[in-house]
Amino acid sequence: MTSTTGGRTAATTVNGVGTSPARPDGTRKVRGEFAYSSDLWHEDMLWGATLRSPYPHARVTGVDIAAAVAVPGVYAVLTHDDVPGLNRYGLEHPDQPVLADDVVRYRGEPVAVVAADHPETAQRAVKLIDVTYDVLDPVTDAEEAVRGDVAAVHPGGNVVRHAAIRRGEQASQADVVVTGRYEVGMQDQAFLGPESGLAVPDGSGGVDLYVATQWLHVDQQQIVAALGVSPEQVRLTLAGVGGAFGGREDLSMQIHASLLALYTGNPVKMVYNREESFYGHVHRHPATMYYEHGATRDGRLVYVTARIYLDGGAYASSTGAVVGNAATLGVGPYDVPNVRIDCWGTYTNNPPCGAMRGFGAVQAAFGYESQMDKLAAACGLSPTEVRRRNAMCEGTVMPTGQTVDSAAPVAELLDRLDAMPLPSGPSRDAGVADLRSLPGGVSNTTHGEGVVRGVGYAVGIKNICFSEGFDDYSTARVRLAAVGGEPAVTVQTAAAEVGQGLVTILQQIVRTELGVDQVTILPAGTSIGSAGSTSASRQSYMTGGAVRAAALKVRGALLSHAATTLSRTAAELHLDGGKLASAADGVLADLVDVLGEAEFDETVEWRHRPTEALDPETGQGNAHVQYGFAAHRAVVDVDVELGLVKVVSLDCVQDVGKALNPQAVVGQIQGGSAQGLGLALMEEIRTDGGVIRNPSFTDYLIPTVLDMPPMNIEVLELADPHAPYGLRGVGEPPTISSTPAIVAAIRAATGKELLRVPVRPDHLI
Amino acid sequence: MRLNLTVNGERRRADDVWEGESLLYVLRERLGLPGSKNACEQGECGSCTVYLDEVPACACLVAAGQAEGREVRTVEGLADGDTLDPVQQSFVECGAVQCGFCTPGLVVAAHDLLRREPDPSDEEIREALAGNLCRCTGYEKILDAVRSAASAR
């Protein structure tokens, strides 16, 4: 951990901000006692199941449920006719049917739902529902969808959003020009805990839903609309979440289980299996990108022109915001005077795409970082030198016209990577090398012959928090009282802990601000105001900021109270380790004694500084709150005869502003880097005519412990003066740069151009 | 059918078990032991790893009837009362737990490794855990936890 500025760190507190206490749910998780959304059980509980469209595009001409209803043990079979409210939902636009009515637009679209007394009974009933379809040609190519020479998937046409960025000269010329067409495959979040939850009817038309999600309140809004009830009648509580990575931002089983519960009067549990999970959530947008970079002979960028096509699939989900990110971050962390970017997000009949860690920035980074390597080669510069010469820094003006107003240590990240030791070279002595260290591993495909090594670098940029004028806030309630002779704090928010460790950090913040050790984070639910989404690397900033603000209000009220009790002024008092103290006289009283029967209870709605919408013509505007930066260096060994790749090391430097919990920060960097490795080498949802061909962990591969190399990690703490504790969002940046760094290393090893990720063996031989 | 088996040292019985149910389903939905996880239910992720007669197995791939009369030890049976097994303790302390959905399976797999090999090399740890997927951690802190548990024994 490298601390390069003092920041605005509060005094070090035991288990406070800047330390790494154990997570409060850790013991229950290792004992198998933490209740995930698929673990829930209720007396008289039924099981829900979903009938999904077998076709990517078809008109529904009839649904006959008679045979399914007749199965013993079946309690309900519901279709779109049974949706009492709006039969549409969606994160940004309500364009997705709760249950298909006239048209299905993707393979896997829900058509009917069943409740039965056993999951197998429900599945058998699903198979007995007789749906007749008039099959239509699917639209499967995003560029064709934009050109408009295919059928419209939705009445308004196939462009969900077009974002244009225009900065500087629009017809620039340069001495050195490099171009490329790049593709990014469709990646899956592959969270391990399947979509699941339990809906419990309240007997008076309402429902309590226990579910794994990323944003309880936006779920609630959509459920309320579909059920046609009032908001108070739909109460959500966060169940244990088995990972998210964006894939839980859209609804899956929430409305279906609630419908079935209200219809049957029984609690209903729904749990997707892994195949259904591939159909049941949105994926990362596949991208096709055309880039042109112009530079001076010494490698200084003159202009960047780009056209980016993002395939949003059948429904809008968050495509609009993903387009905004890919466009505004489309030149990467570089200072470019002249920029022309067009980015489209489209409707097609491919699987719907939406949020996944990195959210538009991942796709663009593969394009612009591939281009930077091409430019380096064209100018005779090293990959790090060409990046240093163009590196943005504090004060750089983005292609949107926004000035970067806090640290942007792009050159420093590269310098630090360069200073890290490289792993020792590959053994070329056949028969000597440990197979486990070679491409192909114990498959015994090489003993070192045909293996070449390469080194590659990449840097990425990500906007932190919600952008483009969105009213982004979080709500927190902090309550301090004496409990059992000890001062104790409870914290209530609606923020989704999805594994990242927010619950730990909120405890740390309260300990730092109130000097109280015993801090309990209450279950998240809709009984308090929204915390916003657990996405955009924003919860430490936003809910951390809200809890800090509420804790400060509690502290203010407490010190006023204590000042009266102790005949002092509030200004001379401070809290430290469960005591009240003054600078002059040291400890004055135990906090628990001052508290007595008093209770301090404050709720705060907290916002980051406002952002602006982009100008629709020019893409100009102060659209983002904060930028995060990470850089990777990858070292790979490639068996050029078989096209197998072994990542030997994957080193990372990231600026996090302030590491609230250093252990958790490093965990985010390691985990995010692994997801980037997956995109570089193995992860792709393969579709054929809109149909997913690999909906299983047998055929959709994610990195195992054998695929992930050791990582050297350096964490910089360059405080952002606008953010709580100076922190910078951590979760997404490491996912962005690891993919292009690994591909750059493979290019260096093989000399192949590699215009597409994931890289496949046949790209290498 | 009726199923009799021993789970975490206790004799247990489940009635009206459908023949198509897996051991994982019986543990989770009939015996109140949801610690073993249902991440893929096709033997690819290792999140449901349990001991079946002292041998680690994916409970999702074991038909319920195959467990008749046998001894099952799940993640819920590793701690000694309030005292965590050293593997569990190390997972908590080393930051090897994020969302935790893979954790029960990894804890059982690591527990099994250390019973067989008290001082494993990194290569041996990687090989032993290669059947357990984790999506959050990138595995580095899981390796730290297994090394730490080995040295604590």
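This structure is a prediction, so every number in the text was calculated from the model and none was measured. (Residues numbered from 1 in each chain as written. Chains lettered and ligands numbered in written order. Predicted model: local features only at pLDDT ≥ 70, side-chain atom pairs only at ≥ 80, totals over all residues.)

**Observations concerning the confidence of the model for chain B**
Argument step 1. Per-residue confidence for chain B gives a mean pLDDT of 97, with 100% of residues at or over 70.
Argument step 2. What the predictor reports for the complex is a pTM of 0.97 with an ipTM of 0.99. (pLDDT = per-residue confidence, 0-100.)

**Some points on the interface of chain A and chain B**
Interfaces are frequently sized by the accessible area removed from exposure as the parts join.
Argument step 1. Listed per partner, the contact involves 48 residues of chain A and 44 residues of chain B.
Argument step 2. Listing elements by their share of the side of chain A that touches chain B, those giving two or more residues are α1 (26–31) and α15 (662–681) of chain A.
Argument step 3. Top contributing element to the side of chain A that touches chain B by residue count: α15(A), with seven residues. (Contact = placed C-beta atoms within 7 Å. Helix = DSSP H or I, 4+ residues; strand = E, 2+ residues; numbered from the N terminus.)

**Let's talk about the domain arrangement of chain A**
Residues and elements named next belong to chain A.
Argument step 1. Split into domains, chain A comes out as domain 1 (26–34 + 473–607), domain 2 (46–136 + 194–241 + 248–280) and domain 3 (283–467 + 613–764).
Argument step 2. The distance between the C-alpha centroids of domain 2 and domain 3 comes to 36 Å.
Argument step 3. Contacts between domain 2 and domain 3 engage 19 residues on the former and 21 residues on the latter. (Domains from an automatic or database assignment.)

**Notes on the sheet that holds strand β22 (residues 573–576) of chain A**
Residue and element names in this part refer to chain A.
Argument step 1. Judged by pairing direction, the sheet is antiparallel, and its three strands sit side by side in the order β22-β23-β24 without closing on themselves. The strands lining the two open edges of the sheet, one partner per strand, are β22 and β24 (586–590). Neighbouring strand axes in the sheet, compared pairwise and without regard to direction, differ in orientation by 35 degrees on average.
Argument step 2. Judged from the four bridges that link them, β22 and strand β23 (residues 579–582) form a sheet pairing that is antiparallel. Paired with H574 across the bridge in β23 is A581.
Argument step 3. Contacts between helix α13 (residues 539–566) and the sheet are confined to β22, β23 and β24, with β22 contributing the most and set at about 115 degrees to the helix. (Pairing = 2+ DSSP bridges. Axes fitted to C-alpha atoms, helices over the stretch in contact; angles between N-to-C directions.)

**Describing the packing of helix α2 (residues 86–93) of chain B against helix α3 (residues 103–116) of chain B**
Residues and elements named next belong to chain B.
Argument step 1. One can describe the packing of α2 onto α3 by two numbers: an axis separation of 9 Å at closest approach and a directional angle of 130 degrees. The orientation of α2 relative to α3 falls into the category oblique. Crossing of α2 against α3: the hand is right-handed. Contact residues: α2 offers V87, Q88 and F91, while α3 offers T103, V107, A110, H111 and L114.
Argument step 2. A breakdown of the residues in the contact of α2 with α3 according to their chemical character gives five nonpolar, three polar and no charged. (Parallel < 35°, antiparallel > 145°, perpendicular 65-115°, else oblique. Left-handed = near helix turned anticlockwise from the far one by under 90°. Nonpolar A, V, L, I, M, F, W, Y, C, P; charged D, E, K, R; others polar.)

**What to know about the environment of A:E599**
Residue and element names in this part refer to chain A.
Argument step 1. Tracing the backbone through its elements, the reader meets E599 in strand β25 (residues 599–607).
Argument step 2. By C-beta crowding, E599 is classed as exposed, having 11 other C-beta atoms within 10 Å.
Argument step 3. C-alpha separation for the pair E599 and L566, spaced 33 residues apart in sequence, amounts to 17 Å. (Buried ≥ 20, exposed ≤ 12 C-beta atoms within 10 Å, placed from the backbone.)

**Description of the UniProt feature "domain: Aldehyde oxidase/xanthine dehydrogenase a/b hammerhead" (unreviewed entry) in chain A**
Argument step 1. Those places that UniProt annotates as "domain: Aldehyde oxidase/xanthine dehydrogenase a/b hammerhead" (unreviewed entry) correspond, in this numbering, to residues 31–137 of chain A.
Argument step 2. For residues 31–137 of chain A, the helix share is 14%, the strand share is 32%, and the end-to-end C-alpha distance is 51 Å. (UniProt positions renumbered as here; feature names shortened; annotations may be inferred.)

**Quick look at unusual backbone geometry**
All names here are of chain A.
Argument step 1. Residue P758 follows V757 across a cis peptide bond; omega there is 0 degrees.
Argument step 2. By secondary structure assignment, the location of P758 is in the loop between β31 (756–757) and α17 (761–764).
Argument step 3. Positive phi, close to 50 degrees, is recorded for A190, a residue that is not glycine.
Argument step 4. If you trace the backbone, A190 turns up in the loop between β8 (176–184) and β9 (196–201).
Argument step 5. A190 gets classed as buried once you count the C-beta atoms within 10 Å, which come to 28.
Argument step 6. Positive phi values are uncommon outside glycine, yet F245 reaches one of about 60 degrees.
Argument step 7. Mapped onto the elements, F245 comes out in the loop between β11 (234–238) and α6 (254–264).
Argument step 8. Judged by local crowding, F245 falls into the buried class, with 31 C-beta atoms found within 10 Å.

**A few points about the sheet that holds β8(A)**
Residue and element names in this part refer to chain A.
Argument step 1. A sheet is described by the order of its strands in space; here six strands give the open sequence β7-β16-β15-β14-β8-β31, paired in mixed fashion. Sheet topology places β7 (159–167) and β31 at the edges, where each strand pairs with a single neighbour.
Argument step 2. Examined bridge by bridge, β7 and strand β16 (residues 338–346) share eight bridges and lie antiparallel to one another. When the bridges of β16 are listed, H162 appears paired with W344.
Argument step 3. The strands touched by helix α8 (residues 319–328) are β7, β15 (301–311) and β16; relative to β7, the strand with the most contacts, the crossing angle is about 20 degrees.

**Thoughts on the nonpolar core**
Argument step 1. Grouped together as the largest cluster of nonpolar side chains are 300 residues, with contacts concentrated most on A:V114, A:V510, A:V636 and A:I742.
Argument step 2. With sequence-adjacent residues up to four places away left out, A:V114 is seen in contact with A:G48, A:A49, A:A68, A:V74, A:A76, A:V77, A:A122, A:A125 and A:V126. (Core = buried A, V, L, I, M, F, W, Y, C linked by C-beta atoms within 7 Å.)

**Focus on the packing of helix α10 (residues 383–390) of chain A against helix α11 (residues 410–419) of chain A**
Angle between the axes and distance between the axes: these two values describe a pair of packed helices.
All names here are of chain A.
Argument step 1. Across the interface, α10 lies against α11 with an axial gap of 9 Å and an inter-helix angle of 160 degrees. Between α10 and α11, the angle is such that the two are roughly antiparallel. Remark: the crossing between α10 and α11 carries left-handed chirality. Only A411, L414 and D418 of α11 make contact with α10, whose side of the interface consists of T384, R387 and R388.
Argument step 2. Residues belonging to the contact of α10 with α11 are distributed by class as follows: two nonpolar, one polar and three charged.

**Section: the confidence of the model for chain A**
Argument step 1. Overall, the prediction assigns chain A a mean pLDDT of 96, with 98% of residues at 70 or greater.
Argument step 2. Contacts for the low-pLDDT stretch residues 1–11 of chain A, under 50 throughout, to residues beyond four places or in other chains number 28 contacts.

**A closer look at α15(A)**
The periodicity of an α-helix, 3.6 residues per turn, causes residues three or four positions apart to be oriented the same way.
Argument step 1. For α15(A), built from 20 residues, the straight-helix expectation of 28 Å at 1.5 Å per residue is met to within 8% by its first-to-last C-alpha distance of 29 Å.
Argument step 2. Among the 20 residues of α15(A), 18 are classified as buried, and the element is accordingly described as predominantly covered. (Expected span 1.5 Å × (residues − 1).)

**Some remarks on the pairing of strand β19 (residues 473–483) of chain A**
Residues and elements named next belong to chain A.
Argument step 1. Looking at chain direction, β19 and β25 are connected through nine bridges and run antiparallel. Counted as the bridge partner of S474 is W606 from β25.
Argument step 2. Alignment of β19 against strand β20 (residues 486–493), held across eight bridges, turns out to be antiparallel. Paired with A482 across the two strands is P487, which belongs to β20.
Argument step 3. The antiparallel pairing of β19 with β20 creates a hairpin that spans two residues between the two strands, and G484 there sits at a positive phi of about 60 degrees.

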